[in-house]
Amino acid sequence: MTDLKEYIIQECHKRFLTRKLHPTPQTDITPLINHLTHLLNQWIRKTHPYYTPTNQTTQTKQKLMKEIWRKIEKQGEISIDEIAETITKIYEENIKPQIKTKLKTQGITILKEYEEINTLLKSKLRYKALKILSKNWTSVKQLSEKLNCREEVIRRFLSELRKLNIITEKAQISNKGRPIKVYKLTTPIIIIDLRRIPQHSLPENPNHSGHS
(Lines give C-alpha, C1' and ligand atoms only; values in the text may rest on other atoms or scores of the structure.)
Protein backbone atom coordinates (compact mmCIF):
# COMPACT_ATOMS: atom_id res chain seq x y z
CA MET A 1 0.00 0.00 0.00
CA THR A 2 1.39 3.40 -1.01
CA ASP A 3 2.01 5.75 1.91
CA LEU A 4 0.49 9.23 1.81
CA LYS A 5 3.62 11.19 0.91
CA GLU A 6 4.52 8.86 -1.95
CA TYR A 7 0.93 8.90 -3.22
CA ILE A 8 0.77 12.72 -3.29
CA ILE A 9 4.13 12.95 -5.09
CA GLN A 10 3.06 10.41 -7.74
CA GLU A 11 -0.30 12.06 -8.39
CA CYS A 12 1.13 15.60 -8.47
CA HIS A 13 3.81 14.58 -10.97
CA LYS A 14 1.07 13.15 -13.21
CA ARG A 15 -0.95 16.35 -12.94
CA PHE A 16 1.73 19.06 -13.15
CA LEU A 17 4.59 17.28 -15.00
CA THR A 18 7.15 19.20 -12.94
CA ARG A 19 8.95 18.98 -9.61
CA LYS A 20 8.35 22.62 -8.62
CA LEU A 21 5.53 25.16 -8.90
CA HIS A 22 6.16 28.91 -9.26
CA PRO A 23 2.89 30.77 -8.50
CA THR A 24 2.99 34.58 -8.32
CA PRO A 25 1.45 36.56 -5.43
CA GLN A 26 -1.53 37.22 -7.73
CA THR A 27 -2.09 33.56 -8.50
CA ASP A 28 -5.31 32.02 -7.19
CA ILE A 29 -4.14 28.68 -5.78
CA THR A 30 -7.65 27.61 -4.75
CA PRO A 31 -7.82 25.01 -7.59
CA LEU A 32 -4.49 23.57 -6.36
CA ILE A 33 -5.76 23.37 -2.78
CA ASN A 34 -8.99 21.72 -3.94
CA HIS A 35 -7.02 19.16 -5.95
CA LEU A 36 -4.69 18.36 -3.05
CA THR A 37 -7.61 17.99 -0.65
CA HIS A 38 -9.27 15.65 -3.15
CA LEU A 39 -6.10 13.55 -3.32
CA LEU A 40 -5.89 13.40 0.47
CA ASN A 41 -9.53 12.30 0.82
CA GLN A 42 -9.06 9.77 -1.97
CA TRP A 43 -6.06 8.27 -0.17
CA ILE A 44 -7.99 8.15 3.12
CA ARG A 45 -10.87 6.29 1.44
CA LYS A 46 -8.44 3.76 -0.04
CA THR A 47 -6.51 3.17 3.18
CA HIS A 48 -9.49 3.47 5.56
CA PRO A 49 -12.48 2.01 3.67
CA TYR A 50 -14.36 1.88 6.98
CA TYR A 51 -14.13 5.69 7.42
CA THR A 52 -15.58 8.55 5.35
CA PRO A 53 -13.63 11.86 5.47
CA THR A 54 -16.20 14.65 5.74
CA ASN A 55 -16.04 17.06 8.66
CA GLN A 56 -12.36 17.96 8.36
CA THR A 57 -12.38 18.92 4.65
CA THR A 58 -12.89 22.69 5.14
CA GLN A 59 -10.37 22.82 7.98
CA THR A 60 -7.87 20.84 5.91
CA LYS A 61 -8.20 23.28 3.00
CA GLN A 62 -7.57 26.23 5.31
CA LYS A 63 -4.46 24.64 6.82
CA LEU A 64 -3.12 23.68 3.39
CA MET A 65 -3.73 27.16 2.00
CA LYS A 66 -1.92 28.77 4.93
CA GLU A 67 1.08 26.42 4.91
CA ILE A 68 1.58 26.39 1.16
CA TRP A 69 1.34 30.19 0.83
CA ARG A 70 3.81 30.56 3.69
CA LYS A 71 6.38 28.47 1.82
CA ILE A 72 5.70 30.23 -1.51
CA GLU A 73 6.11 33.70 0.04
CA LYS A 74 9.36 32.64 1.69
CA GLN A 75 10.91 30.82 -1.27
CA GLY A 76 9.10 32.13 -4.34
CA GLU A 77 8.29 28.54 -5.24
CA ILE A 78 7.24 25.22 -3.75
CA SER A 79 8.33 21.71 -4.66
CA ILE A 80 6.07 18.70 -5.02
CA ASP A 81 8.04 17.06 -2.21
CA GLU A 82 7.29 20.02 0.08
CA ILE A 83 3.61 19.84 -0.80
CA ALA A 84 3.58 16.12 0.03
CA GLU A 85 5.39 16.72 3.32
CA THR A 86 2.90 19.46 4.26
CA ILE A 87 -0.11 17.25 3.55
CA THR A 88 1.43 14.34 5.45
CA LYS A 89 2.09 16.56 8.47
CA ILE A 90 -1.52 17.83 8.47
CA TYR A 91 -2.78 14.25 8.21
CA GLU A 92 -0.58 12.92 11.03
CA GLU A 93 -1.27 15.81 13.41
CA ASN A 94 -4.93 16.57 12.73
CA ILE A 95 -6.75 13.92 10.73
CA LYS A 96 -5.26 10.61 11.88
CA PRO A 97 -6.25 11.17 15.55
CA GLN A 98 -9.78 12.12 14.40
CA ILE A 99 -10.10 8.89 12.43
CA LYS A 100 -9.09 6.82 15.44
CA THR A 101 -11.50 8.68 17.74
CA LYS A 102 -14.38 8.50 15.26
CA LEU A 103 -13.97 4.76 14.76
CA LYS A 104 -13.88 4.25 18.53
CA THR A 105 -17.23 6.04 18.88
CA GLN A 106 -18.60 3.71 16.19
CA GLY A 107 -17.41 0.69 18.15
CA ILE A 108 -14.53 -0.16 15.81
CA THR A 109 -10.91 -0.96 16.64
CA ILE A 110 -8.33 -1.37 13.86
CA LEU A 111 -5.39 -3.73 14.35
CA LYS A 112 -2.32 -3.06 12.19
CA GLU A 113 0.42 -4.99 13.99
CA TYR A 114 0.94 -8.74 14.10
CA GLU A 115 1.77 -8.54 17.81
CA GLU A 116 -1.65 -7.02 18.54
CA ILE A 117 -3.46 -9.72 16.59
CA ASN A 118 -1.40 -12.43 18.24
CA THR A 119 -2.24 -11.01 21.67
CA LEU A 120 -5.94 -11.41 20.98
CA LEU A 121 -6.13 -14.61 18.97
CA LYS A 122 -3.16 -16.80 19.81
CA SER A 123 -5.40 -19.33 21.56
CA LYS A 124 -9.01 -20.51 21.40
CA LEU A 125 -9.32 -19.62 25.09
CA ARG A 126 -8.59 -15.97 24.34
CA TYR A 127 -11.02 -16.00 21.45
CA LYS A 128 -13.78 -17.26 23.73
CA ALA A 129 -12.89 -14.64 26.35
CA LEU A 130 -13.15 -11.88 23.73
CA LYS A 131 -16.61 -13.07 22.72
CA ILE A 132 -17.75 -12.87 26.35
CA LEU A 133 -16.15 -9.47 26.90
CA SER A 134 -17.77 -8.08 23.74
CA LYS A 135 -21.26 -8.63 25.17
CA ASN A 136 -21.31 -8.18 28.93
CA TRP A 137 -19.46 -6.68 31.87
CA THR A 138 -17.60 -9.62 33.39
CA SER A 139 -15.35 -10.14 36.40
CA VAL A 140 -12.14 -12.15 36.48
CA LYS A 141 -13.88 -14.86 38.53
CA GLN A 142 -16.81 -15.09 36.12
CA LEU A 143 -14.49 -15.38 33.12
CA SER A 144 -12.44 -17.99 34.92
CA GLU A 145 -15.52 -20.08 35.67
CA LYS A 146 -17.02 -19.76 32.18
CA LEU A 147 -13.75 -20.71 30.50
CA ASN A 148 -12.69 -23.28 33.07
CA CYS A 149 -9.22 -21.83 33.58
CA ARG A 150 -7.17 -20.21 36.36
CA GLU A 151 -7.86 -16.62 37.35
CA GLU A 152 -4.15 -15.91 36.89
CA VAL A 153 -4.49 -16.67 33.17
CA ILE A 154 -7.46 -14.30 32.88
CA ARG A 155 -5.67 -11.50 34.73
CA ARG A 156 -2.66 -11.77 32.43
CA PHE A 157 -4.88 -11.58 29.34
CA LEU A 158 -6.83 -8.59 30.69
CA SER A 159 -3.56 -6.83 31.45
CA GLU A 160 -2.49 -7.25 27.83
CA LEU A 161 -5.85 -5.95 26.61
CA ARG A 162 -5.44 -2.83 28.77
CA LYS A 163 -2.07 -2.15 27.08
CA LEU A 164 -3.88 -2.21 23.71
CA ASN A 165 -6.52 0.20 25.08
CA ILE A 166 -9.39 -1.99 23.95
CA ILE A 167 -10.83 -2.88 27.34
CA THR A 168 -12.85 -0.84 29.84
CA GLU A 169 -12.85 -1.40 33.59
CA LYS A 170 -15.32 -0.28 36.25
CA ALA A 171 -16.25 -1.04 39.86
CA GLN A 172 -19.39 -2.99 40.63
CA ILE A 173 -21.05 -4.51 43.69
CA SER A 174 -21.09 -8.31 43.64
CA ASN A 175 -24.03 -10.48 44.65
CA LYS A 176 -22.37 -10.79 48.05
CA GLY A 177 -22.30 -7.02 48.49
CA ARG A 178 -18.57 -6.62 47.93
CA PRO A 179 -16.97 -4.24 45.39
CA ILE A 180 -15.36 -6.01 42.45
CA LYS A 181 -13.87 -4.94 39.13
CA VAL A 182 -15.64 -5.91 35.93
CA TYR A 183 -14.44 -5.63 32.34
CA LYS A 184 -15.79 -5.20 28.83
CA LEU A 185 -14.32 -4.53 25.39
CA THR A 186 -14.26 -0.83 24.60
CA THR A 187 -15.31 -1.68 21.05
CA PRO A 188 -17.07 -4.92 20.05
CA ILE A 189 -15.91 -4.68 16.41
CA ILE A 190 -12.26 -5.41 15.66
CA ILE A 191 -10.96 -5.04 12.10
CA ILE A 192 -7.64 -6.56 11.05
CA ASP A 193 -6.11 -4.48 8.28
CA LEU A 194 -3.77 -6.99 6.64
CA ARG A 195 -2.48 -4.37 4.15
CA ARG A 196 -0.91 -2.37 6.96
CA ILE A 197 0.94 -5.14 8.82
CA PRO A 198 4.69 -4.69 8.16
CA GLN A 199 6.32 -7.79 6.70
CA HIS A 200 9.17 -7.59 9.22
CA SER A 201 6.71 -7.94 12.12
CA LEU A 202 5.53 -11.39 11.00
CA PRO A 203 7.09 -14.45 12.69
CA GLU A 204 9.69 -16.35 10.68
CA ASN A 205 8.40 -19.70 11.87
CA PRO A 206 5.12 -20.46 10.06
CA ASN A 207 4.23 -22.89 12.84
CA HIS A 208 4.54 -20.18 15.49
CA SER A 209 1.76 -20.41 18.04
CA GLY A 210 1.09 -19.20 21.52
CA HIS A 211 -0.80 -20.40 24.55
CA SER A 212 -3.28 -18.76 26.87
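Located above this text is the structure these notes cover.
A.B. asks: When you look at a nonpolar patch on the surface in this model, what are you seeing that I'm missing?
C.D. replies: On the surface, Leu 121, Tyr 127, Ile 192 and Leu 194 cluster together into a nonpolar patch covering about 400 Å² of accessible area. Tracing the chain through its elements places Leu 121 in helix α5 (residues 114–121).

A.B. asks: Help me understand the packing of helix α7 (residues 140–147) against helix α8 (residues 151–163) in this model?
C.D. replies: Geometry of a packed helix pair, given as the angle between the helix axes and the separation of the axes. Their axes nearest at 9 Å, the elements α7 and α8 cross at an angle of 120°. In this structure, α7 crosses over α8, and the sense of that crossing is right-handed. Packed against α7, whose contacting residues are Val 140, Lys 141, Leu 143, Ser 144 and Leu 147, the element α8 presents Glu 151, Ile 154, Arg 155 and Leu 158 at the interface. Tallied by class, residues from the contact of α7 with α8 come to five nonpolar, one polar and three charged.

A.B. asks: Explain the packing of aromatic side chains here, please?
C.D. replies: For any pair of aromatic rings, geometry is given as the distance between the ring centres together with the angle between the planes. Within this structure, the stated rule accounts for one aromatic pair. Aromatic pair Trp 43 and Tyr 91: ring centres 5.2 Å apart, planes at 85°, arrangement edge-to-face. Of this pair, Trp 43 sits in helix α2 (residues 30–47) while Tyr 91 sits in helix α4 (residues 80–105), and the two are 48 residues apart along the sequence. Looking at Trp 43, the relative accessible area reads 7%, which means it is buried. Across from the ring centre of Trp 137, 4.4 Å away, lies the NZ or CZ of Lys 170, which sits over that ring.

A.B. asks: What is the right way to look at the sheet that holds strand β6 (residues 179–185) in this model?
C.D. replies: In a beta sheet, neighbouring strands pair by backbone hydrogen bonds and run either parallel or antiparallel. With antiparallel pairing, the three strands of this open sheet are ordered in space as β4-β6-β5. The open sheet is flanked by β4 (138–139) and β5 (167–173), the only strands paired with a single partner. Direction of pairing for β4 relative to β6: antiparallel, over a ladder of two bridges. Within the sheet, the bridge partner assigned to Thr 138 lies in β6 and is Tyr 183. Most of the contacts of helix α6 (residues 124–133) go to β6, to which it runs at about 100°, and overall it touches β4, β5 and β6.

A.B. asks: What is the right way to look at the environment of Glu 77 in this model?
C.D. replies: Along the chain, Glu 77 falls in the loop between α3 (57–75) and β2 (78–79). Expressed as a C-alpha distance, the spacing of Glu 77 and His 22, which sit 55 residues apart in the sequence, is 4.6 Å. What Glu 77 contacts, discounting residues up to four positions off in sequence, is Lys 20, Leu 21, His 22, Lys 71 and Ile 72. Within the structure, Glu 77 has its side chain in polar contact with the side chain of Lys 20 (distance 3.1 Å).

A.B. asks: Please clarify how the pattern of salt bridges should be interpreted in this entry.
C.D. replies: For side chains of opposite charge, pairing can occur when their charged atoms come near one another. Inspection of the entire model under this criterion finds 11 salt bridges. Here Glu 85 and Lys 5 are joined by a salt bridge, their closest N and O atoms 3.3 Å apart. Here Lys 5 lies in helix α1 (residues 4–16) and Glu 85 lies in helix α4, a separation of 80 residues in the sequence. Among the salt bridges present, the one from Arg 150 reaches Glu 152, with a minimum N-O distance of 4.0 Å. Comparing Arg 150 with Glu 152, the two get one shared label, exposed. Here the salt bridges do not stand alone but share partners, grouping Arg 162, Glu 169 and Lys 181 into one network.

A.B. asks: Explain the nonpolar core here, please?
C.D. replies: Most often, soluble globular proteins keep nonpolar side chains buried together rather than apart. Grouped together as the largest cluster of nonpolar side chains are 32 residues, with contacts concentrated most on Ile 8, Leu 36, Ile 44, Ile 68, Ile 83, Ile 87 and Tyr 91. Listed by contribution, the elements that provide at least two residues to this core are α1, α2, α3, α4 and β3 (108–111). Per element, the largest residue contribution to this core is nine residues, and it comes from α4. For Leu 36, the contacting residues outside a window of four places in its chain are Cys 12, Leu 64, Ile 68, Ile 83 and Ile 87. One finds Leu 120, Leu 133, Leu 161 and Ile 167 within the second-largest nonpolar core, a separate group that totals 21 residues.

Rules and cut-offs
Residues numbered from 1 in each chain as written. Predicted model: local features only at pLDDT ≥ 70, side-chain atom pairs only at ≥ 80, totals over all residues. Heavy atoms only, no water. Patch = residues over 30% accessible without salt bridge, like charges linked within 9 Å, V, L, I, M, F, W, Y side chains within 5 Å. Areas by Shrake-Rupley, 256 points an atom, 1.4 Å probe, with all protein chains shown as cover. Salt bridge = Lys/Arg side-chain N within 4 Å of Asp/Glu carboxyl O. Helix = DSSP H or I, 4+ residues; strand = E, 2+ residues; numbered from the N terminus. Axes fitted to C-alpha atoms, helices over the stretch in contact; angles between N-to-C directions. Left-handed = near helix turned anticlockwise from the far one by under 90°. Contact = heavy atoms within 4.5 Å. Nonpolar A, V, L, I, M, F, W, Y, C, P; charged D, E, K, R; others polar. Phe/Tyr/Trp six-rings, centres within 6.5 Å; stacked < 30°, edge-to-face > 60°. Buried < 20%, exposed > 50% of the residue type's maximum accessible area, 1.4 Å probe, protein only. Lys NZ or Arg CZ within 6 Å of the ring centre and 35° of its normal. Pairing = 2+ DSSP bridges. Polar contact = N/O pair within 3.5 Å; in protein donor to acceptor, adjacent residues only side chain to side chain. Core = buried A, V, L, I, M, F, W, Y, C linked by side-chain atoms within 4.5 Å.

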